[in-house]
Amino acid sequence: KNEVEQSPQNLTAQEGEFITINCSYSVGISALHWLQQHPGGGIVSLFMLSSGKKKHGRLIATINIQEKHSSLHITASHPRDSAVYICAVKRGYGGSQGNLIFGKGTKLSVKP
Amino acid sequence: NAGVTQTPKFQVLKTGQSMTLQCAQDMNHEYMSWYRQDPGMGLRLIHYSVGAGITDQGEVPNGYNVSRSTTEDFPLRLLSAAPSQTSVYFCASSYIGRVYGYTFGSGTRLTVV
């Protein structure tokens, strides 16, 4: 079983819809990251969370440490949000504990 | 602009050839790492470094070599390329510590024929 699981694997939405992507993990963590990768593009860091909730524009990320679960929400989705969204966790701070463990990603397609 | 610079963006190699993928950052990050991204597999760690002179293996190190002679540079060497090394490679860097995010390079698409 993978240490970081994302759902759904693929998601198609209509423009304007509210979108939720989920991430569950099975290890103790110091931080959780949400990343975005556009087709053929590089990887951009969206959020880093260790507790609670963060908001940036139409994107909201939440984390529940006790339940080992995080969600990424997109409000009023737009075709330019079409990308792969990747959840990654970091277990600790030093040595190999500082390495990221990645989910397999959620491919989002927003239709106009 | 500050960030992580990866070169080349695209490369085609013949089986058995060697090459070096370059990664440089200008943010004075202690931590640098190399990943490969394959369809359906997610990103997998190849090698990482927590400072100049210090490197260690990740999940899939076989066939790859790294060195870290300076804080800025972390090259990845393919010793004898194999078709199984066809992939997209990303370099990333970060400060070491709890509150810092990661900066990724733009990737290198490598094809081994």
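Summarised in this report is the structure supplied together with it. Quick caveat: nothing in here was measured; it's all calculated off a predicted structure.

**Points about a nonpolar patch on the surface**
On the surface, B:Tyr95, B:Val99 and B:Tyr100 cluster together to form a nonpolar patch covering roughly 280 Å² of accessible area. Since its relative accessible area comes to 33%, B:Tyr95 is described here as partly exposed.

**What to know about the interface of chain A and chain B**
Facing the 22 residues of chain A at the interface are 21 residues of chain B. A combined buried area of about 1700 Å² lies between chain A and chain B, and 57% of that area is made up of carbon and sulfur atoms. For the pair chain A and chain B, the interface holds zero salt bridges. Applying the counting rule to chain A against chain B returns two residue pairs in polar contact (both at pLDDT 80 or more). Here the side of chain A that touches chain B gets four residues from one element, more than from any other, and that element is strand β4 (residues 31–37) of chain A. Among the residues making up the side of chain A that touches chain B, the classes are represented as eight nonpolar, twelve polar and two charged.

**With respect to the state of the cysteines**
Taken as a whole, this structure holds two disulfides over all chains when the rule is applied. Residue pairing for A:Cys23: its cysteine sulfur links by disulfide to A:Cys87, the two sulfurs lying 2.0 Å apart. One quick way to see it: the torsion about the S-S bond of A:Cys23 and A:Cys87 is about -65°, and its sign makes the bridge left-handed. Remark: A:Cys87 occurs in strand β9 (residues 83–90) and A:Cys23 occurs in strand β3 (residues 19–25); sequence separation between them is 64 residues. Looking at A:Cys23, the relative accessible area reads 0%, which means it is buried. Judged by its relative accessible area of 0%, A:Cys87 falls in the buried class. Note that B:Cys23 is cross-linked by a disulfide to B:Cys91, the S-S spacing being 1.8 Å. Measuring the twist about the S-S bond at about -70°, one finds the B:Cys23-B:Cys91 disulfide to be left-handed. Here the residue B:Cys23 occupies a position in strand β3 (residues 19–25), and B:Cys91 occupies one in strand β9 (residues 87–94), the gap between them amounting to 68 residues. Under the relative-accessibility criterion, B:Cys23 is labelled buried at 1%. Exposure remark for B:Cys91: the relative accessible area of 0% places this residue in the buried category.

Scoring rules and cut-offs
Residues numbered from 1 in each chain as written. Chains lettered and ligands numbered in written order. Predicted model: local features only at pLDDT ≥ 70, side-chain atom pairs only at ≥ 80, totals over all residues. Heavy atoms only, no water. Patch = residues over 30% accessible without salt bridge, like charges linked within 9 Å, V, L, I, M, F, W, Y side chains within 5 Å. Areas by Shrake-Rupley, 256 points an atom, 1.4 Å probe, with all protein chains shown as cover. Salt bridge = Lys/Arg side-chain N within 4 Å of Asp/Glu carboxyl O. Buried < 20%, exposed > 50% of the residue type's maximum accessible area, 1.4 Å probe, protein only. Contact = heavy atoms within 4.5 Å. Buried area = accessible area lost by both parts, 1.4 Å probe. Polar contact = N/O pair within 3.5 Å; in protein donor to acceptor, adjacent residues only side chain to side chain. Helix = DSSP H or I, 4+ residues; strand = E, 2+ residues; numbered from the N terminus. Nonpolar A, V, L, I, M, F, W, Y, C, P; charged D, E, K, R; others polar. Disulfide = S-S within 2.5 Å.

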